[in-house]
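Topology and contacts: notes
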Amino acid sequence: MQKITPYLWYDGQAEEAANHYVAIFPNSRITNVTRFGKDAPGPEGSVMTVTFEIEGQRFVALNGGPEYKFTEAISFLVDCQDQEEVDRLWAALSEGGEEGPCGWLKDKYGVSWQIVPTALTDMLNDPDPEKTNRVMKAVFGMKKLDIKGLRDAYEGRG
């Protein structure tokens, strides 16, 4: 059992959001659904929480009501192995949401995601500050991160 579980507050869309996420990410599944009882704050029988896993990471989605909204103060970073994975996740998660700068997006539920190719992390760990500065400048000019553009900046091309 993992020690820390992200708990996500939705306004009636917990089950929809959980199903959306498990459809996007491989190795994901819904593991439990709880429902409001007779004396609970939600309509009796409606979904209260949905526990789900994405790549082994457990999350709980709660139908808590309209009191709280998601902000960029919390985001989920997704390490992507290649451009195909970046493109696929970017398209699926940004659909109905909004694209942000530097590989960030908000999904249609307002949850912030960072879709980041592993190659970027490798480039930013280079000891040469000129290379890392060029890469960061390239990142700041992108919405969805483009590995070829990052690599060109890293190599000093373009």
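Residues numbered from 1 in each chain as written. Predicted model: local features only at pLDDT ≥ 70, side-chain atom pairs only at ≥ 80, totals over all residues. Heavy atoms only, no water.

1. A closer look at the side chain of S28
The condition that has to hold: By the criteria applied, helices consist of DSSP H or I runs no shorter than four residues and strands consist of E runs no shorter than two, each listed in order from the N terminus. Nitrogen and oxygen atoms within 3.5 Å of one another constitute a polar contact, given that in protein one can donate a hydrogen and the other can accept it, and given that sequence-neighbouring residues count only through two side-chain atoms. Contacts are residue-level and defined by heavy atoms, with any inter-residue pair within 4.5 Å sufficient.
Looking at where S28 falls in the secondary structure, it is placed in strand β2 (residues 28–35). Within the structure, S28 has its side chain in polar contact with the backbone oxygen of F25 (distance 2.9 Å). In terms of polar contacts, S28 uses its side chain to reach the backbone carbonyl oxygen of P26, at 3.1 Å. When residues no more than four places from it in sequence are discounted, the contact partners of S28 are V22, E53, I54 and E55.

2. Comments concerning the environment of G110
The topology assignment puts G110 in the loop between β7 (104–106) and β8 (112–117). For G110 and I74, which are 36 residues apart along the polypeptide, the C-alpha to C-alpha distance reads 11 Å.

3. So, the nonpolar core
The condition that has to hold: Residues grouped as a nonpolar core are buried Ala, Val, Leu, Ile, Met, Phe, Trp, Tyr and Cys residues, joined through side-chain atoms within 4.5 Å. Partly exposed residues are those whose accessible area sits between 20% and 50% of the maximum for their type, while under 20% is buried and over 50% is exposed, using a 1.4 Å probe and protein chains only.
In terms of nonpolar packing, the biggest core is built from 28 residues, with Y10, Y21, F25, F52, L93, W113 and I115 touching the most fellow members. Listed by contribution, the elements that provide at least two residues to this core are β1 (7–10), α1 (14–24), β3 (47–54), β4 (57–63), β5 (75–80), α2 (83–94) and β8. For this core, the element with the most residues is α1, which contributes six residues. When sequence neighbours within four positions are dropped, the list of residues in contact with W113 reads Y21, F25, I54, S75, F76, V78, L93, G103, W104, L105 and D107. Counting 14 residues, the second-largest nonpolar core is a separate cluster that includes A119, M123, V135 and V139.

Interpretation note: all reported values are geometric properties and have no functional meaning in isolation.
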